[in-house]
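# Architecture at a glance
As a plain string of letters, each chain reads:
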Amino acid sequence: MSLKGARVVVTGGAAGIGLAMARASRDAGAHVAVCDADGAAMSAVDGEGGVIARVADVTDEAAMTGFFDAVAIALGGIDVMCANAGTGGPAGPIETLGLADWRACLSANLDGAFLACRWAAARMKAQRSGLILLTSSTAGQHGYPGRSPYATAKWGVIGLMKTLAMELGPHGVRVNALCPGAVEGPRMDRVIAMEAAAKGLSEAQTRALYVRGVSLRSWVTAEDVAATALWLASPAAARISGQAIAIDGHTETLAP
Ligand code: NAD
C-alpha cells in the first residue's frame, strides 16, 4: 500500500507497535517523524534512516511543543497522526492500587493523546484533510479485572476518538482508534510477569489465559497492527471514521 509523500507522525515510536507503524509508513513512501521518551531506543531508530527521531515525553507539554515545532519545520505539515504512546499501568484489585500509579497511567495514555490530537487537529482542519489514529486496546472495548487504570484510560481514548471524529469530520478529517489484542514482544512479557504476580499464577498460566479468551486462539504482532494502520491511511478506507477497530483475533473476554 502506498503512502508516497504522506507526512506521518508517530508518538511512542521507538519500540513495539509505534516502531512497526513508523517502519511500515517509511517503507510505503511516507515522510515519518517519531518521538519517544526512551532516549537510548530513539538513538537506534535515528540510526535506521528515513525517520526523524526526537526524544520527547508525551505527558510533557513543553517537550511535545518542541517536537511538534521540529516536525513542522522538517515535514511542513501532517497527514497522519498516530497518537500511540501509552503505558500499561499497575496490576491488581482496585483496593491495592496507589493514586500515583493510577494518575501516571491515565496521564501517559490520555494527556499524550490530547496533546497529539490538539496539534494535529488544528493543522488538519486548516488543510481540510488528514487522519488521526489513536492506539486504544481491547482494554478499551471490554472490562479488564485487575487492570482498572489501563481499562479506564483506553476507554477514555475511545471517547476522545468518537468526539474528535464528530468535531473534525465536517472538516474532512477522519479519526479512528486501533484496538490491538495482546501483542507478542517485550511489553507483554512484562505485563504477563506483573499480572502473574498479582494473581498468584505462573507466567505460563497467565499467558495461556490470554489465548483462551480469543476466538482465533492466537496473539497479535506489531506488524498486524501496522498493516491495519496503513490500510486506514489508504484511499480504500476513505469513508471510515469514528471506528474502534480491533486487531485481536476476536476477543471474547479479557477475564477467561
Ligand atoms: P512498547 O512498550 O513496546 O512501546 C511503547 C513505546 O512508547 C516505548 O518505546 C516507550 O518508551 C514509549 N513511551 C511510553 N511512555 C511514553 C511517554 N510518556 N512518552 C513518550 N513515549 C513513551 O509498547 P506497545 O505495545 O508498542 O504499545 C504501544 C501502544 O499500544 C500503547 O498505547 C499500548 O497501550 C497499546 N497497546 C499495546 C498492546 C500490547 O499487547 N503490547 C495491546 C493493546 C494496546
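Anything mentioned here points back to the structure above.
Not measured: the values here are computed from a predicted model.

Right, let's talk about the nonpolar core for a bit. Among the nonpolar cores identified, the biggest contains 37 residues, and Leu3, Val8, Met21, Val34, Val45 and Leu178 are the most heavily contacted of them. The element best represented in this core is helix α8 (residues 222-233), accounting for 7 residues. When neighbours within four sequence positions are excluded, Val34 is seen to be in contact with Val10, Gly13, Ala22, Met42, Val45, Val51, Ile52, Ala53, Arg54 and Phe67. In this structure, Ala33, Leu75, Ala121 and Ile158 belong to the second largest nonpolar core, which totals 34 residues.

Take the site of the ligand next. The local shell around the ligand holds 27 residues, among which Ile17, Asp36, Asn84, Tyr150 and Val183 are the closest. Here an oxygen atom of the ligand sits 3.5 Å away from a polar atom, N or O, in the main chain of Gly86. Protein contacts shield 90% of the accessible area of the ligand, which totals 820 Å² for the unbound molecule. Of all the elements in the fold, those that place two or more residues in the shell around the ligand are α1 (16-27), α5 (148-168) and α6 (186-199). Per-element tally for the shell around the ligand: the top contributor is α6, with 3 residues.

What follows covers the packing of helix α4 (residues 99-127) against α5. Across the interface, α4 lies against α5 with an axial gap of 9 Å and an inter-helix angle of 15 degrees. Considered as vectors, α4 and α5 are oriented roughly parallel to each other. With respect to the hand of their crossing, α4 and α5 are arranged in right-handed fashion. Residues Trp102, Cys105, Leu106, Asn109, Leu110, Ala113, Phe114, Cys117, Ala121 and Lys125 of α4 touch α5, and the partners they reach there are Ser148, Pro149, Tyr150, Thr152, Ala153, Lys154, Gly156, Val157, Leu160, Leu164 and Leu168. By residue class, the composition of the contact of α4 with α5 is 15 nonpolar, 4 polar and 2 charged.

This next bit is on the pattern of salt bridges. In total, this model carries 8 salt bridges according to the counting rule given. Note that Glu48 and Arg23 form a salt bridge whose closest N and O atoms lie 2.3 Å from each other. With a gap of 25 residues between them, Glu48 in helix α2 (residues 39-48) and Arg23 in helix α1 connect regions that are remote in the sequence. You can call Arg23 partly exposed: its relative accessible area is 35%. The structure contains a network of salt bridges with shared partners spanning Arg23, Arg26, Asp27 and Glu48.

Conventions and cut-offs
- Residues numbered from 1 in each chain as written.
- Predicted model: local features only at pLDDT ≥ 70, side-chain atom pairs only at ≥ 80, totals over all residues.
- Heavy atoms only, no water.
- Core = buried A, V, L, I, M, F, W, Y, C linked by side-chain atoms within 4.5 Å.
- Buried < 20%, exposed > 50% of the residue type's maximum accessible area, 1.4 Å probe, protein only.
- Helix = DSSP H or I, 4+ residues; strand = E, 2+ residues; numbered from the N terminus.
- Contact = heavy atoms within 4.5 Å.
- Near = heavy atom within 4 Å.
- Polar contact = N/O pair within 3.5 Å; in protein donor to acceptor, adjacent residues only side chain to side chain.
- Areas by Shrake-Rupley, 256 points an atom, 1.4 Å probe, with all protein chains shown as cover.
- Axes fitted to C-alpha atoms, helices over the stretch in contact; angles between N-to-C directions.
- Parallel < 35°, antiparallel > 145°, perpendicular 65-115°, else oblique.
- Left-handed = near helix turned anticlockwise from the far one by under 90°.
- Nonpolar A, V, L, I, M, F, W, Y, C, P; charged D, E, K, R; others polar.
- Salt bridge = Lys/Arg side-chain N within 4 Å of Asp/Glu carboxyl O.

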